[in-house]
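Residues per chain, in single letters:
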Amino acid sequence: MSKRSGREGTLLYAGGRRWKLIRGNMDMYLLLIPGLVFLLLFKYTPMYGIVIAFQDFNIFGGISGSEWVGMAQFERLLQSDEFLQVLINTLLISLYKITILFPIPIVIALMLNEVRRMFFKRTIQTIIYLPHFLSWVIISGLFLNILSPTGGIVNEIIRSFGGEPISFFTDNSLFRSLVVFTAGWKEIGWNAIVFIAAIAGIEQEQYEAAAIDGAGRIRQMWSISLPGMLPTIVLMFILRIGSLLEAGTEQILTMYNPLVYETGDVIGTYVYRMGLGQQDYSFSTAVGLFNSAVGFLLIVIGNMLSRKFLNRSIW
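A quick note: this is a predicted structure, and the numbers were derived from the prediction, not measured. (Residues numbered from 1 in each chain as written. Predicted model: local features only at pLDDT ≥ 70, side-chain atom pairs only at ≥ 80, totals over all residues. Heavy atoms only, no water.)

Peer 1: Just give me the short version of helix α5 (residues 103-113), but keep the residues and values in it.
Peer 2: For α5, the complete set of buried residues consists of P105, I106, I108, A109, L110 and L112. In this structure, the buried residues of α5 make contact with α4 (81-101), α6 (118-129), α9 (172-200) and α11 (217-242). (Buried < 20%, exposed > 50% of the residue type's maximum accessible area, 1.4 Å probe, protein only. Helix = DSSP H or I, 4+ residues; strand = E, 2+ residues; numbered from the N terminus. Contact = heavy atoms within 4.5 Å.)

Peer 1: So, the UniProt feature "transmembrane region" (unreviewed entry) in the protein: which residues are in play, and what are the values?
Peer 2: When the UniProt feature table is mapped onto this chain, "transmembrane region" (unreviewed entry) is found at residues 21-42, 86-112, 133-154, 174-200, 221-241 and 281-305. Spanning residues 86-112, this segment combines 96% helix with 0% strand, and its end C-alpha atoms are found 38 Å apart. Here residues 174-200 is 100% helix and 0% strand, with 39 Å between the C-alpha atoms at its ends. (UniProt positions renumbered as here; feature names shortened; annotations may be inferred.)

Peer 1: Describe in detail the packing of helix α10 (residues 204-212) against α11, supporting the description with residues and values.
Peer 2: Interaxial distance between α10 and α11 falls to 11 Å at its minimum, and their mutual angle equals 150 degrees. On the basis of their axis angle, the class for α10 and α11 is roughly antiparallel. For the pair α10 and α11, the crossing hand works out as right-handed. The segment α10 lies against α11, with Q206, Y207, A210 and A211 engaging Q220, I224 and S225. (Axes fitted to C-alpha atoms, helices over the stretch in contact; angles between N-to-C directions. Parallel < 35°, antiparallel > 145°, perpendicular 65-115°, else oblique. Left-handed = near helix turned anticlockwise from the far one by under 90°.)

Peer 1: Help me get a handle on the layout of surface pockets, residues and values and all.
Peer 2: Here the largest pocket defines a volume of roughly 620 Å³. Every residue lining the largest pocket is counted, 24 residues in all, and those nearest its centre are K97, E187, N191, R240 and S243. Where the lining of the largest pocket is concerned, the elements lending two or more residues are α4, α9, α11 and α12 (249-255). No other element matches α9, which puts seven residues into the lining of the largest pocket. Across the lining of the largest pocket, the residue classes tally to 12 nonpolar, seven polar and five charged. (1 Å grid on protein atoms, 1.4 Å probe; cavity = no way out; pocket = protein on both sides within 12 Å on 5 of 7 lines; lining within 4 Å. Points joined across faces, edges and corners; volume = space filled by probe spheres on them. Nonpolar A, V, L, I, M, F, W, Y, C, P; charged D, E, K, R; others polar.)

And the structure:
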């Protein structure tokens, strides 16, 4: 038998095994169809609208009736002083959230892992998880009332000490801090779930062996829990880097106002204002496409760095 016929026989055998495997799991493949249809209709089909970033889009003419302008919208974007300020705001808020809020769920997971009374542990978990299930509309209204300069509990306390009331939601010097604080209040407990699950996956025999060797809880935390969490920490950090230019659009939309555009306007809210507010659809699409392209690039770079320095990657 020739080498060619032998290769063909191997391919036919592999193809037959594959088809047999598919037929044996046909019910599973049928269950995939609704999800695939959903992805096709609501994720991939709308991507056709990206083309208006290269047009001077006319809502009455539609995509086929609008003038093509090439990279003009992107040139306008890169030359815009307003967009430069928006980009700076986005990066600053995202970096604040990463440096301040990313480590806290890790610390919470480590501390909760050391709690031995299950009732107390579950009570604390429930309390810190609950804010995640509130929408940003509710949370914004809650903090607007708490921090209101007229009747808010925080400003009433400030007045009681002889201070002047502070308008937190209209003060450019405080708005970014307010965004970071409220994001942490809402999401820290929920984000800790991932790290708690990572700790739960560590073999308990390691802790028992360390205890026999005389290692205390802090040493066990440092030498067993943290290394065991490292793959999850790396994965979550890379995903967080990928959303560096997102900065919490929904959150900021419900909290900000024209007085804090200087420090609070981020790319997502800028797209909303330009697209729906000023009907400049082509420019807002160009901004959104720029945001997505940079986010994808950041994920790729983060994955490369993870593979190089930690010998781990997400794909």
